[in-house]
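# Examining the three-dimensional arrangement
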Amino acid sequence: MRTSRSLMAAFAMVTVVALAGGCADSDARRDAISGVAVRLLTAAGAGDGAAACALLAPDTVEALEQSAGASCAEAVLDEDLPEPAGVRRVDVYGQWARVVLADDTEFLAAFPGGWRVVAAGCRSRGERPYDCVLQGG
């Protein structure tokens, strides 16, 4: 998929730049980011599509609506997102973040209104790009 390749390429580039610069983030920032990731899965699991969509990046909402032919609030509930699970790790690289949960990996980006989920339901495929259930275009 072109989107997952570009997502992985952007994340890999940001990772290299952040590691080279010795980026460090506060616990509060990491907590805020992981909170968004967990709230997305909690809202979707509870059947609250509107709350789930409020946590998605604009391009992700648009891609979901186009592929499903329905509103985001309706379509997100039909996605095979996992139940929320414990956060294992939060990696923050400037305006990008990756939240690794027990059963999921989510990618987030900073927006003027706060952190938003760009991709969710992602599984690592080793050296290949992540395979994501939900992602922007």
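Bear in mind that the values here come from a model prediction, so they are computed numbers and not experimental data. (Residues numbered from 1 in each chain as written. Predicted model: local features only at pLDDT ≥ 70, side-chain atom pairs only at ≥ 80, totals over all residues. Heavy atoms only, no water.)

### Focus: the state of the cysteines
Counted by the stated rule, this structure contains 2 disulfides. Between the sulfur atoms of C53 and its disulfide partner C72 the distance amounts to 2.0 Å. The disulfide joining C53 to C72 has a torsion of about -100° about its S-S bond and is therefore left-handed. Of this pair, C53 sits in helix α3 (residues 49–53) while C72 sits in helix α5 (residues 72–75), placing them 19 residues apart in sequence. Accessibility assignment for this pair places C53 and C72 in one class, buried. Here C122 engages in a disulfide with C132; their sulfurs sit 2.1 Å apart. Judged by the sign of its S-S torsion, about 110°, the cystine formed by C122 and C132 is right-handed. In this pair, C122 is assigned in strand β4 (residues 114–125) and C132 in strand β5 (residues 128–135), connecting sequence segments 10 residues apart. (Disulfide = S-S within 2.5 Å. Helix = DSSP H or I, 4+ residues; strand = E, 2+ residues; numbered from the N terminus. Buried < 20%, exposed > 50% of the residue type's maximum accessible area, 1.4 Å probe, protein only.)

### Let's talk about the packing of aromatic side chains
Enumeration according to the criterion identifies 1 aromatic pair in this entry. Between F107 and Y130, the ring centres sit 5.0 Å apart and the planes meet at 80°, which makes this aromatic pair edge-to-face. Here F107, found in strand β3 (residues 105–111), pairs with Y130, found in strand β5; they are 23 residues apart in sequence, far enough to count as distant. Comparing F107 with Y130, the two get one shared label, buried. (Phe/Tyr/Trp six-rings, centres within 6.5 Å; stacked < 30°, edge-to-face > 60°.)

### Brief notes about the confidence of the model for the protein chain
With 82% of its residues at a pLDDT of at least 70, the protein chain reaches an overall mean of 86. Every residue in residues 1–6 is under pLDDT 50, and counting partners more than four places away or in other chains gives 8 contacts. With pLDDT under 50 throughout, residues 8–24 is counted as low confidence; its partners more than four residues away or in other chains account for 12 contacts. (pLDDT = per-residue confidence, 0-100. Contact = heavy atoms within 4.5 Å.)

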